[in-house]
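The primary structure of each chain is shown beneath.
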Amino acid sequence: MSGEGGVNVVLGEPRKAIVTMAVPLIISMIVAGVNTVADRMWCAGLGSDALAAIALVEPIYLVIMGIGNGFGVGAAAVVSRFIGAGDRSKASGCALNAVMFSLLFGLVLTPILVSMTSPLLGLIGSGDIDDIASDYMLQIVLFTFIHIMYGTISGIMRGEGAAKVARTIAIIMAVTNIILDPILIYGFGMGISGAGLSTSLATLTAVVFGLFLYLDGRMYIHMGFRGFRFHGDNLRTVLQVGIPQMLEYTVMYAMNIVLNYIVIWCAGSDGLTIYSVPNIVLEMALIPAMAIGSALVPVASSAFGQMDPDRMGSAFRYAMKLAVGIVGAFCIIIFFIPEPFLYMFTYNPDMEALRPQMVEALRIYCMFLPAYVLIPVCSSMLQAMMMPNRSVICAVVRNLLLIILYVIAAQYSLTAIFWAVFIGEVIGGLMMYLVANSSFEKVSGGWPDV
């Protein structure tokens, strides 16, 4: 979906708009999730150390992706707001500034992260898996600017209602990665570094395709790069939402580095594998909530631009109910039959012995998901209301609470850490809901038509 059709969806009936945009996003995220599963599945054949190395590097990779997603969410919220206000030119200008700034930011950040690869891994306690973790991480950080641009371009597509196009580039990225994984890991004998290079090359392919669509004039947003100059007002408008969202992702994922360190301190690299592998299953179960939250941003932002509290509130309430209902159903299935979801990661003999504890972790984790889904949905609502700072504060408080709970739990056992995750995420989800709901009531109450 692109052009005028996508914009009509964004400006249409909120429930229909959320479903229409969320469905292709769910498909694209499932494909991306299968992509992640394929990465871990192929690397499981290399042994538990390979999976531990990926788990160790993953928060760093997610911080990089979070920067791009932050710019993308900022661009999506602003683009949708100007579309709702009927200003196509302003929407296009903001989108172009977001893309160019993300490229510049990424080019500056890339050499910094490359030079910090070994020191950073040493700081977070890589220990006996330092070499393979470095091999994997280097292939990721060499393409930092590409990973950041991907998140930005995808966000702009969602902002103009082109969810199907965003799905297409996600599918292109996932399929490319799935094809390259076995070729590079085993065919070329690159091992775990092949998995990292496969991820980066697949992202590059998706970025090139997305830029082609905009340069070819096939989208509602117009991007003319010839003679480009940064426009202060446009860039400030995007960064007003983008930077806080970027900080939220950065805080959330950077805190995971600290949490991983605590887990390693408590139970070693095998403990990190046991702790992290069930999260792959959770990420798949959370896809509907993440997609619904992403769909809520342009829908609620356009209502915000129109100063329509009824439409905005309807979208918010429907998004929460839909996300909790779908993810809750998945939780019930996972709780009662967890083993099949873990087989693909534990087929290696040295991984099979870790499966019982993974089952225990997965059962505990899935019980907090109905509360956790409030975080992405409510965060999206705060972005739409141009209140990203509140979302950042909630993320900081939630992660600090988790660190405290982890430190206490690590004095006892790995199982205690599983329960620390449960307590922290339930409190975090409820806190985010209270903040988002009270913020909406305050904003809508100040509009003259209420």
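Relevant structure appears above.
The written sequence of each chain sets the order in which its residues are numbered from 1. The model is predicted, so local features are restricted to residues of pLDDT at least 70 and side-chain atom pairs to those at 80 or more, both for listing and for counting; the totals for chains, interfaces and linings are taken over all residues. The basis for every side-chain value is the complete set of heavy atoms in the structure, and neither hydrogens nor water enter the calculation.

Asks: So what's going on with the overall build of the chain? Which residues, and what values?
Replies: Secondary structure is summarised from DSSP: a helix means a run of H or I of at least four residues, a strand means a run of E of at least two, and numbering begins at the N terminus for each. When helices and strands are counted, the chain shows 18 helices and zero strands. The globule rule is 2.2 Å times the number of residues to the power 0.38, and the radius of gyration it is compared with is taken over C-alpha atoms. Computed over its C-alpha atoms, the radius of gyration of the chain comes to 21 Å, within 12% of the 22 Å expected for a compact globule of 450 residues. The C-alpha extent of the chain, read off along each of the three principal axes, is 60 × 45 × 35 Å. The cut-offs for exposure are 20% and 50% of the maximum accessible area for each residue type, with area from a 1.4 Å probe on protein chains only; residues under the lower value are buried, those over the upper are exposed, and the others partly exposed. Buried positions account for 59% of the 450 residues belonging to the chain. Contacts in the chain between residues at least 24 apart in sequence constitute 84% of all its contacts with a sequence separation of at least 6. Contact definition: two residues touch when any of their heavy atoms are within 4.5 Å.

Asks: Kindly report on the side chain of Ser-200, identifying the contributing residues and their values.
Replies: Along the chain, Ser-200 falls in helix α9 (residues 192-215). Judged by its relative accessible area of 0%, Ser-200 falls in the buried class. A distance of 3.2 Å separates a polar atom in the side chain of Ser-200 from a polar atom in the side chain of His-147. Those residues within four positions of Ser-200 in sequence are excluded, and the remaining contacts are Gln-139, Ile-140, Phe-143 and His-147. Polar contact is the term for a pair of N or O atoms within 3.5 Å; when the atoms are in protein, one must be able to donate a hydrogen and the other to accept it, and sequence-neighboring residues count only if both atoms are side-chain atoms.

Asks: Tell me about the packing of helix α12 (residues 309-336) against helix α16 (residues 374-384), and please be specific about residues and values.
Replies: Only the stretch in contact is used when a helix axis is fitted, and all axes are lines through C-alpha atoms; the angle between N-to-C directions ranges over 0 to 180 degrees. Here α12 crosses α16 at 165 degrees, and the two axes come no closer than 9 Å. Between α12 and α16, the angle is such that the two are roughly antiparallel. Note on packing geometry: the crossing formed by α12 with α16 is right-handed. Contact with α12, carried on its side by Met-312, Phe-316, Ala-319, Met-320, Ala-323 and Val-324, involves Leu-374, Val-377, Cys-378, Met-381 and Ala-384 of α16 and no other residues of that element. An angle below 35 degrees is read as roughly parallel, one above 145 as roughly antiparallel, one from 65 to 115 as roughly perpendicular, and any other as oblique. By definition, any crossing whose near helix is turned counterclockwise from its far helix by less than a right angle is left-handed, and any crossing with a clockwise turn is right-handed.

Asks: Can you break down the pattern of salt bridges residue by residue, with the values?
Replies: For this document, the term salt bridge refers to a Lys or Arg side-chain nitrogen within 4 Å of an Asp or Glu carboxyl oxygen. Under the defined criterion, the tally for this structure stands at one salt bridge. With its nearest N and O atoms 2.9 Å apart, the salt bridge here joins Arg-398 to Glu-425. With Arg-398 in helix α17 (residues 388-410) and Glu-425 in helix α18 (residues 414-445), the pair connects residues that are 27 residues apart, well separated along the chain. Of the two residues examined, Arg-398 and Glu-425, each falls in the buried class.

Asks: So, the side chain of Thr-203: which residues are in play, and what are the values?
Replies: Locating Thr-203 in the fold gives a position in helix α9. Its relative accessible area of 0% is what places Thr-203 among the buried residues. In contact with Thr-203, not counting residues within four places along its chain, are Ile-146, His-147, Tyr-150 and Met-173.

Asks: Quick one: what's the story with helix α14 (residues 355-366), residue by residue and with numbers?
Replies: Because each turn of an α-helix spans 3.6 residues, side chains separated by three or four positions end up pointing in the same direction. Helix length check: α14 (12 residues) gives 16 Å between terminal C-alpha atoms against 16 Å at 1.5 Å per residue, within 8%. Within the sequence span of α14, burial applies to Arg-355, Met-358, Val-359, Ala-361, Leu-362, Ile-364, Tyr-365 and Cys-366. Expected span of a helix, by definition, is 1.5 Å for each gap between consecutive residues, and there is one gap fewer than residues.

Asks: A description of the packing of helix α3 (residues 48-84) against helix α7 (residues 144-159) should follow, citing residues and the corresponding values.
Replies: What describes two packed helices is the angle between their axes and the distance between those same axes. Where α3 meets α7, the axes come as close as 7 Å, and the angle between the chain directions of the two elements is 25 degrees. By the angle class used here, α3 and α7 are roughly parallel. Of the two elements, α3 crosses α7, and the hand of that crossing is right-handed. Each residue is assigned to one class: nonpolar for Ala, Val, Leu, Ile, Met, Phe, Trp, Tyr, Cys and Pro, charged for Asp, Glu, Lys and Arg, and polar for all the others, Gly among them. Grouping the constituent residues of the contact of α3 with α7 by class yields 12 nonpolar, 10 polar and no charged.

Asks: Give me the nonpolar core: which residues, what numbers.
Replies: What we call a nonpolar core is a set of buried Ala, Val, Leu, Ile, Met, Phe, Trp, Tyr and Cys residues that are connected through their side-chain atoms within 4.5 Å. Ranked by internal contacts, the top residues of the largest apolar core, which has 163 residues, are Met-157, Tyr-275 and Tyr-406. Sequence-distant contacts of Tyr-406, that is, excluding residues within four places in its chain, are made with Leu-259, Ile-262, Val-263, Tyr-275, Ile-417, Ala-420 and Val-421.

Asks: Can you lay out the packing of aromatic side chains for me, pointing to particular residues and giving the numbers?
Replies: We describe a pair of aromatic rings using the distance from one ring centre to the other and the angle between the two ring planes. Side-chain rings of Phe, Tyr and Trp (the six-membered ring for Trp) are treated as a pair once their centres are within 6.5 Å; stacked means planes under 30 degrees apart, edge-to-face means over 60, and tilted covers the remaining angles. The full count for this structure, using the stated rule, is 11 aromatic pairs. Centroid distance Phe-71 to Phe-101: 5.5 Å. Interplanar angle 90 degrees. Geometry classified as edge-to-face. Remark: Phe-101 occurs in helix α4 (residues 88-115) and Phe-71 occurs in helix α3; sequence separation between them is 30 residues. Ring plane angle 85 degrees and centroid distance 5.8 Å describe the contact between Tyr-365 and Phe-418, whose orientation is recorded as edge-to-face. Pair noted here: Tyr-365 is in helix α14 and Phe-418 is in helix α18, with a separation of 53 residues, a long-range link. Chaining the aromatic ring pairs together yields one cluster made of Tyr-275, Tyr-365, Phe-368, Tyr-372, Tyr-406 and Phe-418.

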